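Tertiary structure, described
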Amino acid sequence: MTDTPAPTLQPAPGVRPRRRRIGYELLECALHGHRLVGTDAARVRPEDALLVRETPDGHRWHRCLRCDAWLPLPPPDNPGRETTEHRDAIELPLRGRPLRDRYVLRLIALDRLVHFVVLAVMAVAVFVFAHERTRLRGPFYRVVDDLQNGVGGPSGVRGHGLLGDLDKAFAAHDRTLWVIGLILAAYAVLEGVEAIGLWRAKRWAEYLTFVATSVLLIPEIYELHERVSPLKVCTLVINLAVVAYLLFAKRLFGLRGGGRAEEAVRERDSGWEALERVYPGRGPAD
């Protein structure tokens, strides 16, 4: 099986062209090339017509296993095999809904990767602050006093905002800071595991992401009740969409037929049945 860039396409002899829409299959082939078989075969058999067809003048047409395009290629000068691979030896690429799901899952994985980076940086910052807090306390309060005295204000930290949060951080117990750092680090690891699992389309990662995201919806809704901001609203909407997609589209917890129905859809859209449904292999003369 080879990945081949796409030349100008036209219907293969004996193949009725079908209406083509721009979809994930075409996008995947544009990014990674077409998936072809039999390009190194010495001869083409009639039973290979589903995948490879040969015209009377010796030209060959190879079908992309992903997007169903037919590509004209010359016979190999140095064949690597006698005939086209047997079906059992061919690994079919994703297509249809399973391919779409892979793109969606990888988009969620990228979101989790961003969370991992942000949380990891925050955890490191907390650990460094907890270790260097005693040394930083004096310079921090001196700078604050100089700034406030310069504008005629009172000495010391007042009010809320960033300065107020830093004041609370300097006043916090050492153990509290280390616990916060550990929680952030653990959460970062969780997001990293989710990102890796979703990128590889693992079923356990879908469950893990659903549970972790659902649990976080409670504090997110509470934060919105306290104070509304565009960032909080956007975060809540994204997480709600992730939860709904995983639950309904990926059929978690047995919903809509569960894993068996998911596997049936995969076989229907990415199996041999899908190839035969689009272009039945009845030979180049049909």
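Small disclaimer: the values here were computed from a predicted structure and weren't measured.

1. Details of a nonpolar patch on the surface
On the surface, Leu107, Leu110, Leu113, Phe116, Val117, Val121 and Trp199 cluster together into a nonpolar patch covering about 640 Å² of accessible area. Ranked by residues supplied to the nonpolar patch, first place goes to helix H2 (residues 96-150) with six residues. Within the fold, Leu110 resides in helix H2. For Leu110, a relative accessible area of 42% translates into the label partly exposed.

2. With respect to the side chain of Asn239
Checked against the element boundaries, Asn239 lands in helix H6 (residues 230-249). The class of Asn239 is buried, set by a relative accessible area of 5%. Beyond its immediate chain neighbours, meaning those up to four positions away, Asn239 contacts Arg112, Thr213, Leu217 and Glu220.

3. Things to note about the packing of helix H4 (residues 174-199) against helix H5 (residues 203-226)
Contact geometry of H4 with H5 gives a least axis separation of 8 Å together with a crossing angle of 140 degrees. With respect to H5, the element H4 is oriented oblique. Crossing of H4 over H5 shows left-handed handedness. Residues Tyr187, Leu190, Val193, Glu194, Gly197 and Leu198 of H4 form the contact with H5, whose participating residues are Trp204, Ala205, Glu206, Leu208, Thr209, Ala212 and Leu216. Its residues placed into classes, the contact of H4 with H5 shows nine nonpolar, two polar and two charged.

4. Quick word on the sheet that holds strand E5 (residues 70-73)
With antiparallel pairing, three strands are arranged side by side in an open sheet as E3-E4-E5. Each having just a single partner strand, strand E3 (52-54) and E5 make up the two edges of the open sheet. Going across the sheet, the axis of each strand differs from the next one's by a mean of 25 degrees, ignoring polarity. Of the strand pairs in this sheet, strand E4 (residues 60-63) and E5 are connected by four bridges, and their pairing is antiparallel. The residue bridging His62 from the neighbouring strand is Leu71, located in E5.

5. Points about the environment of Ala205
Checked against the element boundaries, Ala205 lands in helix H5. Under the relative-accessibility criterion, Ala205 is labelled buried at 0%. Spatially, the C-alpha atom of Ala205 lies 7.8 Å from that of Val193, the residues being 12 residues apart in sequence. Ignoring anything within four residues of it in the chain, the contact list for Ala205 reads Glu194, Gly197 and Leu198.

6. Some thoughts on the packing of aromatic side chains
Under the criterion given, the structure shown has four aromatic pairs. Centre to centre, the rings of Tyr207 and Phe253 are 4.9 Å apart; their planes meet at 90 degrees, and the pair counts as edge-to-face. Of this pair, Tyr207 sits in helix H5 while Phe253 sits in the loop between H6 and helix H7 (258-270), placing them 46 residues apart in sequence. Assessed through its relative accessible area of 27%, Tyr207 is described here as partly exposed.

7. Brief notes about the environment of Glu85
Locating Glu85 in the fold gives a position in the loop between E5 and H2. For Glu85, a relative accessible area of 11% gives the class buried. The spatial distance from the C-alpha of Glu85 to the C-alpha of Gly38 is 6.6 Å, given a sequence separation of 47 residues. Side-chain polar atoms of Glu85 contact the backbone nitrogen of Gly38, separated by 3.3 Å.

Calculation notes
Residues numbered from 1 in each chain as written. Predicted model: local features only at pLDDT ≥ 70, side-chain atom pairs only at ≥ 80, totals over all residues. Heavy atoms only, no water. Patch = residues over 30% accessible without salt bridge, like charges linked within 9 Å, V, L, I, M, F, W, Y side chains within 5 Å. Areas by Shrake-Rupley, 256 points an atom, 1.4 Å probe, with all protein chains shown as cover. Salt bridge = Lys/Arg side-chain N within 4 Å of Asp/Glu carboxyl O. Helix = DSSP H or I, 4+ residues; strand = E, 2+ residues; numbered from the N terminus. Buried < 20%, exposed > 50% of the residue type's maximum accessible area, 1.4 Å probe, protein only. Contact = heavy atoms within 4.5 Å. Axes fitted to C-alpha atoms, helices over the stretch in contact; angles between N-to-C directions. Parallel < 35°, antiparallel > 145°, perpendicular 65-115°, else oblique. Left-handed = near helix turned anticlockwise from the far one by under 90°. Nonpolar A, V, L, I, M, F, W, Y, C, P; charged D, E, K, R; others polar. Pairing = 2+ DSSP bridges. Phe/Tyr/Trp six-rings, centres within 6.5 Å; stacked < 30°, edge-to-face > 60°. Polar contact = N/O pair within 3.5 Å; in protein donor to acceptor, adjacent residues only side chain to side chain.

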